[in-house]
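What the coordinates show
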Amino acid sequence: MKLGVIGAGNMGRAIISGILSSGLVNKNDVIASNATEASRNETVKLGIAVSGDNADVARAENLLIAVKPARLSQVIGEIAPVVKPSTLVISVAAGTPIAALEELFGRQVQIVRAMPNTPALVREGMTALCANSLVSEESFAWVQALFATCGRVEVVPEPLMDAVGTVSGASPAWVYMLIEAMADGAVRDGMPRAQAYKFAAQSVLGAAKMVLETGLHPGALKDQVTSPAGTTIEALKVLEQRGFRGAVIEAMGACTEKSRRMAAAASAAGCQKKAGAQEDSGRLSSLLKALKG
Ligand SMILES: NC(=O)C1=CN([C@@H]2O[C@H](COP(=O)(O)OP(=O)(O)OC[C@H]3O[C@@H](n4cnc5c(N)ncnc54)[C@H](OP(=O)(O)O)[C@@H]3O)[C@@H](O)[C@H]2O)C=CC1
Ligand SMILES: O=C(O)[C@@H]1CCC=N1
């Protein structure tokens, strides 16, 4: 198998769907796993092979791990014996540094850390990537091509991954909140709800494209909309009074801080495991010495 995916949930399935619709990887070359039968029955609808055995999936040439960070230790414990030196492991886990993943494997493994987002499903995702030194340029280029099938890709230094997890990984959540709130506003003004979602979502999509494609500063684009003594400025005044921008910045700070706390906890757990392994190997060599003596 070309690609194995352990944890075909919201993020895993979005990536699989993005990749399959690009044709870069064939359905017959993908295998995925879920914990429960109910989820496996959903995953099988993607037309790929599905297994309840993570070791089966981990035999693929490239392995994407998309379980929740709290499940990583258990899953890596299960698959470490079958992951070969040639296997390329990609983790999308938030707040989980490469060094912590290496500790969980307990040996040298080629690891790419990715931070994607769910718009990968419609091939409008944003993914940041970084890798450990064992990943060859050729393999890293392949991973970039893989995620490029799901949208935009950028290589970033690992310390930026917590910020990325907020600005693109998690941000769709509050953009959806904004769309929901905008639609509520339109409903209040008399628009039917289904139509309101379309108008709100298309406006967010268009505004995002304006930023990406004109290269203009978002402030300049805002000014283009805001006519002197017009209607828009009345809305901006209320948003400034209610602390709209401050609320977004503070919320994003909380999100990034959580990711950093998770990373610190994952690193501390890795250090404990390493210390434990050193203690075990110390005990083993004393035992061997005693047996020889
Ligand atoms: N959701 C998002 O927008 C983003 C998520 N991420 C990262 O992606 C990862 C997954 O998150 P998300 O998709 O939201 O979570 P989900 O809960 O939607 O998906 C996790 C999947 O893992 C499966 N799973 C759990 N335990 C096992 C196991 N032991 N063996 C095999 N499969 C297992 C679950 O199966 P079952 O359904 O049967 O329980 C589920 O399908 C996380 O690490 C998160 O940090 C990164 C960026 C964005
Ligand atoms: O909420 C989370 O932890 C994940 C990571 C980024 C988006 N969702």
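Basis of the calculations
Along each chain, residues carry numbers from 1 onward, in the same order as the chain's sequence is written. As a convention, the first chain written is A and the first ligand written is 1, with the rest following in written order. Only residues with pLDDT of at least 70 are given local features in this predicted model, and only at 80 or more are side-chain atom pairs given and counted; all residues enter the totals for whole chains, interfaces and linings. Side-chain calculation: all heavy atoms of the structure are included, whereas hydrogens and water are not. Only a single heavy atom is needed: when it lies within 4 Å of a molecule or strand, its residue is near that molecule or strand. We define a polar contact as two N or O atoms separated by no more than 3.5 Å, with the added condition that, inside protein, one atom must be a possible hydrogen donor and the other a possible acceptor, whereas residues neighbouring each other in sequence contribute only through side-chain atom pairs. For the accessible areas, the method is Shrake-Rupley and the probe is 1.4 Å, while residue cover comes only from the protein chains on display. Under the DSSP-based scheme used, a helix requires at least four consecutive residues in state H or I and a strand at least two consecutive residues in state E, with every element numbered from the N terminus. Following the grouping adopted for this structure description, the nonpolar residues are Ala, Val, Leu, Ile, Met, Phe, Trp, Tyr, Cys and Pro, the charged ones are Asp, Glu, Lys and Arg, and the polar ones are all others, Gly among them. To obtain each axis, a line is fitted to C-alpha atoms, and for helices this fit is confined to the stretch in contact; angles are then taken between N-to-C directions over 0 to 180 degrees. Any angle from 65 to 115 degrees is called roughly perpendicular, while one under 35 is roughly parallel, one over 145 is roughly antiparallel, and all others are oblique. By the definition used in this description, the sense in which the near helix is turned from the far one sets the handedness, with an anticlockwise turn below a right angle giving left-handed and a clockwise turn giving right-handed. Any pair of residues with heavy atoms lying within 4.5 Å of one another is described as a contacting pair. UniProt positions are given in the numbering used here, feature names are shortened, and annotations may be inferred rather than shown by experiment. Each domain's limits were defined by an automated method or a database of domain assignments. A quick way to say it: buried area is the sum, across both parts, of accessible area lost when two parts are put together, with a 1.4 Å probe. Put simply, a salt bridge is a Lys or Arg side-chain nitrogen that is within 4 Å of an Asp or Glu carboxyl oxygen. Working rule for helices: expected span equals 1.5 Å times residues minus one. Throughout, exposure labels follow a simple rule: accessible area from a 1.4 Å probe, protein chains only, divided by the maximum for the residue type, with under 20% read as buried, over 50% as exposed, and the rest as partly exposed. It is the directions from the helix axis to the C-beta atoms whose arc is reported.

A word on the site of ligand 1
- Around ligand 1, the surrounding shell holds 26 residues, and the nearest of these are Met11, Thr36, Ser39, Val67 and Arg71.
- Within the side chain of asparagine 54, an N or O atom sits 2.9 Å from a nitrogen atom of ligand 1.
- Between arginine 71 and ligand 1, the recorded distance is 2.6 Å, taken from a side-chain N or O atom to a nitrogen atom.
- Starting from 890 Å² of accessible surface for ligand 1 in isolation, the protein chains cover 82%.
- At the level of secondary structure, the elements contributing two or more residues to the shell around ligand 1 comprise α1 (10–22) and α4 (72–79).
- Residue classes in the shell around ligand 1 are distributed as 13 nonpolar, eleven polar and two charged.

Quick look at the packing of helix α7 (residues 161–188) against helix α8 (residues 193–214)
- Remark: α7 packs on α8, axes separated minimally by 8 Å, with the N-to-C direction vectors making an angle of 130 degrees. It follows that α7 is oblique to α8 by the angle criterion. The way α7 lies across α8 gives a crossing that is right-handed. Where α7 approaches α8, its residues Val175, Ile179, Glu180, Met182, Ala183, Asp184, Ala186 and Val187 are matched on the opposing element by Arg193, Ala196, Tyr197, Ala200, Ala201 and Val204.
- Residue composition of the contact of α7 with α8, by class: eleven nonpolar, no polar and three charged.

Overview of the UniProt feature "domain: Pyrroline-5-carboxylate reductase catalytic N-terminal" (unreviewed entry) in the protein
- Taken from the UniProt record, the annotation "domain: Pyrroline-5-carboxylate reductase catalytic N-terminal" (unreviewed entry) applies to residues 2–95.
- As a span, residues 2–95 carries 34% helix and 20% strand, and end to end its C-alpha atoms are 27 Å apart.

Regarding the environment of glutamate 257
- Tracing the chain through its elements places glutamate 257 in helix α11 (residues 244–292).
- Along the chain, glutamate 257 and glycine 106 lie 151 residues apart, while their C-alpha atoms are 27 Å from each other.

Side note on the domain arrangement of the protein
- Here the protein is described as being made up of domain 1 (3–156) and domain 2 (165–293).
- Of the roughly 1,100 Å² buried between domain 1 and domain 2 on both sides combined, carbon and sulfur atoms contribute 60%.
- Put simply, domain 1 and domain 2 have zero salt bridges between them.
- Where domain 1 touches domain 2, the interface holds two residue pairs in polar contact (both at pLDDT 80 or more).
- It is helix α5 (residues 98–105) that contributes the most residues to the side of domain 1 that touches domain 2, three residues altogether.
- Residues belonging to the side of domain 1 that touches domain 2 are distributed by class as follows: nine nonpolar, four polar and two charged.

Some words on helix α6 (residues 137–148)
- When the terminal C-alpha atoms of α6 are compared, their 16 Å separation across twelve residues agrees well with the 16 Å that a helix rising 1.5 Å per residue should span.
- Within the sequence span of α6, burial applies to Phe140, Trp142, Val143, Leu146 and Phe147. Down the axis of α6, the sector holding all buried residues measures 155 degrees, keeping them to one side. α6 presents Glu137 and Glu138 as exposed residues on the side facing more than 90 degrees away from its buried surface.
- Buried positions along α6 lie against α1, β4 (62–65), β5 (88–91), β6 (110–115), β7 (125–131) and β8 (151–155).

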